[in-house]
Every structure is written in structure tokens, then in C-alpha cells.
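# Breakdown of the fold
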Amino acid sequence: MEAKRKSSNDDSEATPAKPKWVDTLARRQFTGNDDEAIGVWFVASKRVENSDLVTQQNRLYLPTEFVKANLVGLLSLEERAMANLVGDMPKAAGREHGGLRVRVYARCGFVSYLWLTRWDGSGGTVIKGSELKLFRSWSALKKGDKIDFWAFRSGGELCFAIGRP
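Described in the following lines is the structure provided in the data block. (Residues numbered from 1 in each chain as written. Predicted model: local features only at pLDDT ≥ 70, side-chain atom pairs only at ≥ 80, totals over all residues. Heavy atoms only, no water.)

### A word on the overall build of the protein chain
Here is the rule we go by: Here a strand is any run of E in DSSP of at least two residues, a helix any run of H or I of at least four, and the numbering for each starts at the N terminus. Buried, partly exposed and exposed residues are distinguished by accessible area as a fraction of the type maximum, computed with a 1.4 Å probe on protein chains only: under 20%, between the cut-offs, and over 50%, respectively. Every residue pair with non-hydrogen atoms within 4.5 Å of one another is taken to be in contact. Each accessible area is a Shrake-Rupley estimate made with a 1.4 Å probe; only the visible protein chains count as cover when residues are assessed.
Along its length, the protein chain carries 5 helices and 9 strands. From first element to last, N terminus to C terminus, the protein chain shows the α and β order β-β-α-β-α-β-α-α-β-β-β-α-β-β. Here the protein chain, with 165 residues, has 43% of them falling under the buried criterion. The long-range fraction of contacts in the protein chain, counting pairs at least 24 apart against all pairs at least 6 apart in sequence, stands at 58%. Summed over its atoms, the accessible surface of the protein chain is roughly 8,700 Å², and 52% of this surface lies on carbon and sulfur atoms.

Have a look at this one:
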């Protein structure tokens, strides 16, 4: 049975093939051995928007339909709560967004330590943190670039590989 993914226009299409760079990067983080297999899951595809590149916003937005379809099921209940992905949480004045600590790898292998969270006001799921500007630099993202988000675990920790296919 072919895996399906949610697309931005609500059509189902086949999950993209896992790029070799994602597979290699994930296996190296897990085992240090390029020949050993590791679970890697497709999370989302999107086009980079201006808002993803603005340093004042300091976040990389994940499309909501992909988060629901592909990401939430990969998280434990505790991780969902940490990322604010449990139910519809009312906005609490002055509440820190915090988040779930994640490692985010650029295509070149550079790692950033960031946070996965859902913002109260918009309900949007984002990856944020002070090292995001480093990730942007190493990824050389530009408006309009198509990027894919892939997830894997290393030592139990959620990791993302994000970059052009």
C-alpha cells in the first residue's frame, strides 16, 4: 500500500521519496554507520515564505494540515503536551510558549538546537529558537524554495532534517 500525505490543496499524493542526504544524515546521527537503517518519517513540504526568513519573527512555520496528518502521531503524549499540540489550548496571558526541544539538521549536516511549539493565538506550529538564524544561514533558504521536513529519532530525541529535496 502506497503511503499518502496531505497536500496543501487537500489532494492526496504519494509521500516523496526519502532523499539520500536525509537517509545518510539520520543514519550517521543514530549509529555512526552509513549502512545501518533507521526510521525516517516524512512530515511536511512547503514553499519558504518571507515570514520564514524574517529574523524578528524568529520561526519556521510548519503547515497545519501536515502537522495533524504526519507529525502528531510521531510524538508521545508528553512530547505533544510540551509542544502545545494537545487539544485546543486557550491563550493564557503572558504564558511562555516554551516547547519541545528538538535538533534540526540542515542539508549540510549542521545542527541547531531549537524548539517545536504551537502558538496560542494563531494555532500555527513552528520551529523557533535563538539558533534559527544559524540554521537559515547554513541552509541558504530563499523565498519560494520548496523544502521538505523529515523526522527521525536519535537517542530518543526528536530530530528534523529540513532542506530542499
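There is more to say after this.
### Description of the nonpolar core
Here is the rule: The set of buried Ala, Val, Leu, Ile, Met, Phe, Trp, Tyr and Cys residues whose side-chain atoms join them within 4.5 Å is what this entry labels a nonpolar core.
Judged by nonpolar contacts, the single largest core of 40 residues is most densely connected at Leu116, Ile127, Phe149, Phe152, Phe160 and Ile162. Setting aside anything within four residues of it in sequence, one finds Phe160 in contact with Val43, Leu71, Val102, Arg103, Val104, Tyr105, Leu116, Ile127, Trp150, Ala151 and Phe152.

### Some words on helix 5 (residues 132–139)
Put simply, the test is: What the arc describes is the spread of directions from the helix axis to the C-beta atoms.
Along helix 5, the residues that are buried comprise Leu132, Phe135, Arg136 and Ser139. An end-on view of helix 5 places all buried positions within 100° of arc, on one side of the element. Opposite the packed face of helix 5, turned more than 90 degrees from it, sit the exposed residues Lys133 and Ser137. Packed against the buried residues of helix 5 are helix 2 (50–53), strand 4 (59–62), strand 5 (100–105), strand 6 (111–118), strand 7 (125–128) and strand 9 (157–163). At the exit of helix 5 stands Ala140, carrying a positive phi of roughly 50°.

### Remarks on the sheet that holds strand 8 (residues 146–154)
Put simply, the test is: We call two strands paired when DSSP finds no fewer than two bridges between them. Axis definition: a line fitted to C-alpha atoms, over the contacting stretch in the case of helices. Angles run 0 to 180 degrees between N-to-C directions.
Within the open sheet, the 7 strands sit side by side as 3-8-9-5-6-7-4. Their pairing is mixed. Each of the sheet's edge strands pairs with one partner strand only, and the pair in question is strand 3 (40–47) and strand 4. Between one strand axis and the next, the sheet turns through 30° on average, direction left out of account. In the packing of helix 3 (residues 64–71) onto the sheet, the strands contacted are strand 3, strand 4, strand 6, strand 7 and strand 9, and the crossing angle to strand 3 comes to about 175°. Its contacts with the sheet put helix 5 on strand 4, strand 5, strand 6, strand 7 and strand 9, and the angle it makes with strand 4 is roughly 75°.

### Overview of the environment of Gln29
Structurally, Gln29 is set in helix 1 (residues 20–30). Residue class for Gln29 comes out partly exposed when judged on its relative accessible area of 30%. C-alpha of Gln29 to C-alpha of Gly109: the two residues are 80 residues apart in sequence and 9.7 Å apart in space. The contacts of Gln29, once residues within four sequence positions are left out, are Tyr105, Phe152 and Ser154.

### Brief notes about the pattern of salt bridges
Filter applied, for reference: Salt bridges are identified by distance alone: a Lys or Arg side-chain nitrogen within 4 Å of an Asp or Glu carboxyl oxygen.
Tallied over the full model, the rule gives 8 salt bridges. Residue Asp23 pairs with Lys18 through a salt bridge whose shortest N-O separation is 3.1 Å. A relative accessible area of 18% means that Asp23 is categorised as buried. For Lys46, the salt bridge is made with Asp52, and the minimal N-O distance between the two is 2.6 Å.

Don't take any of this as a statement about function, it's just geometry.
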